[in-house]
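# Descriptive analysis of the structure
If you want the building blocks of each chain, they are given just below.
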Amino acid sequence: MIKKIQTNIVIIGSGPAGYTAAIYAARANLKPHLISGLEPGGQLTITTDVENYPGFGDVIQGPWLMEQMKKQALKVGTNIHSDIVTKVNFANKPFLASTDSGLEFESKSIIISTGAQARWLNLESEKKFKGFGISACATCDGFFFKDQNVIVVGGGNSAVEEALFLTNFASKVTLIHRRDKLRAEKILQDRLFNNKKIEIIWNHKVKEFIGNDGPVSLKKVKLENTKDGSEKLLETSGAFIAIGHDPATSLFKGELEMDNENYIITKPDSTETSIKGIYAAGDVKDKIFRQAVTAAGMGCMAALEAEKFLSEID
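Described below are features of the structure shown in this document. Computed from a predicted model, the values in this text were never measured in an experiment. (Residues numbered from 1 in each chain as written. Predicted model: local features only at pLDDT ≥ 70, side-chain atom pairs only at ≥ 80, totals over all residues. Heavy atoms only, no water.)

## Observations concerning unusual backbone geometry
Along the chain, Lys93 connects to Pro94 via a cis peptide bond; the corresponding omega equals 0°. Following the sequence through the fold, Pro94 ends up in the loop between β6 (85-89) and β7 (95-99). For the peptide bond that leads from Gly214 to Pro215, omega is -10°, which places it in the cis range. Summarising the element assignment, Pro215 is placed in the loop between β14 (204-213) and β15 (216-225). Phi is positive for Asn122, which is not a glycine, with a value near 60°. Under the relative-accessibility criterion, Asn122 is labelled exposed at 66%. The backbone phi angle of Asp269 is positive, close to 55°, even though this residue is not glycine. Mapped onto the elements of the fold, Asp269 is located in the loop between β18 (245-247) and β19 (278-280). (Helix = DSSP H or I, 4+ residues; strand = E, 2+ residues; numbered from the N terminus. Buried < 20%, exposed > 50% of the residue type's maximum accessible area, 1.4 Å probe, protein only.)

This is the structure we're talking about:
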């Protein structure tokens, strides 16, 4: 049986953007409903050490930070639903969002903060070392590999940018690419080739990650030649997977304007989407920075814009 809930604002997603939007919306007495989705807390729930989120003198844990944001959102009056949005209809007002458990939200405004997921190699050994030597964010975790040997997997702009960034910390960076040429922009390739800290291994792919069980730590990577199938071992302390991100926007296809990579398009200096009253914040629209602090900032922006929109229509 469908249960209908009428509300001022629905927030879809529960990472830094979603929780921050909820905090600001609740403090504005908008009585927001937040639907947490498949991965409450987003990518930070698989990030162990967080050292670049402002306000903490010591290293904090990603899951702990998300739990604190959730507690704060609840404390100021957010209604949080451990549920998944399965269908939306933005063609008419009020906007509709239906969930897996049978709830149907009729809302005057919506904030989308469903985030993005890093693409992984989908190896069994990769799962074991995620957060313990394997990362998808050099900006987040590069500092922890100071004066160590690391690898970057990929061949596009993201991979080259990650490799260049890691040279600020690592003693050596090895780029692993399955082909014999990069897809990255020429100017980035020139910087890569001219950096003495970077070595490139062409025509290879990662076959297996190898390391210790207790404490869990990455030690080696097994590579396979994509041309002749031969294998070799490479010692490394860290592996950064940089084969792209996929925004979680499939739910909104045909409802909102998106770019050719399926990121939601927002107006300049705004989180407003192609439909007035619907806002997008965080990695679902941001393919450049992808940081917790920028996502939180956009969540704040979205809530303030939604509050202004609601005051105008009321």
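## As for the packing of aromatic side chains
Inspection of every chain in the model, using the stated rule, returns eight aromatic pairs. Seen from their ring centres, Phe143 and Phe169 are 6.1 Å apart, and the 85° between their planes marks the pair as edge-to-face. Of this pair, Phe143 sits in the loop between α4 (138-141) and β11 (149-153) while Phe169 sits in the loop between α5 (157-166) and β12 (172-176); the two residues are 26 residues apart in sequence, bridging distant segments of the chain. For Phe143, a relative accessible area of 44% puts it in the partly exposed group. The interplanar angle of 75° and the centroid separation of 5.5 Å between the aromatic rings of Phe145 and Phe240 together place this pair among those described as edge-to-face. A residue pair is termed long-range when its members are at least 10 positions apart, and Phe145 in the loop between α4 and β11 and Phe240 in strand β17 (residues 238-241) qualify at 95 residues. Relative accessible area serves as the criterion here: at 10%, Phe145 is assigned to the buried category. (Phe/Tyr/Trp six-rings, centres within 6.5 Å; stacked < 30°, edge-to-face > 60°.)

## Describing the state of the cysteines
Evaluation of the coordinates by the stated rule reveals one disulfide. One disulfide in the model links Cys137 with Cys140; its S-S distance is 2.2 Å. Measuring the twist about the S-S bond at about 70°, one finds the Cys137-Cys140 disulfide to be right-handed. (Disulfide = S-S within 2.5 Å.)

## Regarding the side chain of Gln189
Locating Gln189 in the fold gives a position in helix α6 (residues 186-193). Residues within four places of Gln189 in sequence aside, it is in contact with Leu182, Arg183 and Ala184. (Contact = heavy atoms within 4.5 Å.)

## Topic: the pattern of salt bridges
Evaluation of the coordinates by the stated rule reveals 13 salt bridges. Note that Asp213 is salt-bridged to Lys128, the shortest N-O span being 2.3 Å. Remark: Lys128 occurs in helix α3 (residues 124-129) and Asp213 occurs in strand β14; sequence separation between them is 85 residues. Lys207 serves as the salt-bridge partner of Glu231, at 2.4 Å between the closest nitrogen and oxygen. Taken together, the positions of Glu231 in strand β16 (residues 231-235) and Lys207 in strand β14 put the pair 24 residues apart, joining distant regions of the chain. Here Lys207 falls in the partly exposed class, since its relative accessible area comes to 39%. In the salt-bridge network here, residues are joined through shared partners; they are Lys4, Glu104 and Glu106. (Salt bridge = Lys/Arg side-chain N within 4 Å of Asp/Glu carboxyl O.)

## A short note on the packing of α5 against α6
Any two packed helices are characterised by the angle at which their axes cross and by the distance between the axes. Running from amino to carboxyl end, α5 crosses α6 at an angle of 35°, the nearest separation of the two axes being 10 Å. Like other packed secondary-structure pairs, α5 and α6 cross with a definite hand, here left-handed. Facing α5, whose interface residues are Asn157, Val160, Glu161, Ala163 and Leu164, α6 presents Leu188, Arg191 and Leu192. Considered class by class, the residues forming the contact of α5 with α6 number five nonpolar, one polar and two charged. (Axes fitted to C-alpha atoms, helices over the stretch in contact; angles between N-to-C directions. Left-handed = near helix turned anticlockwise from the far one by under 90°. Nonpolar A, V, L, I, M, F, W, Y, C, P; charged D, E, K, R; others polar.)

## Things to note about the packing of helix α1 (residues 16-27) against helix α2 (residues 62-75)
Viewed as axis vectors pointing N to C, α1 and α2 meet at an angle of 20°, and their least axial separation amounts to 9 Å. Viewed along their axes, α1 and α2 adopt a mutual orientation that is roughly parallel. Handedness of the α1/α2 crossing: left-handed. Along its contact with α1, which presents Pro16, Tyr19, Ala22 and Ile23, the element α2 presents Met66, Met69, Lys70, Gln72 and Ala73. (Parallel < 35°, antiparallel > 145°, perpendicular 65-115°, else oblique.)

## Observations regarding the sheet that holds β14
Strand order in the open sheet formed by three strands is β14-β15-β16, and the pairing between neighbours is antiparallel. The two strands at the open ends of the sheet, each matched to only one other strand, are β14 and β16. Averaged over all pairs of adjacent strands, the angle between their axes in this sheet comes to 30°, without regard to strand direction. (Pairing = 2+ DSSP bridges.)

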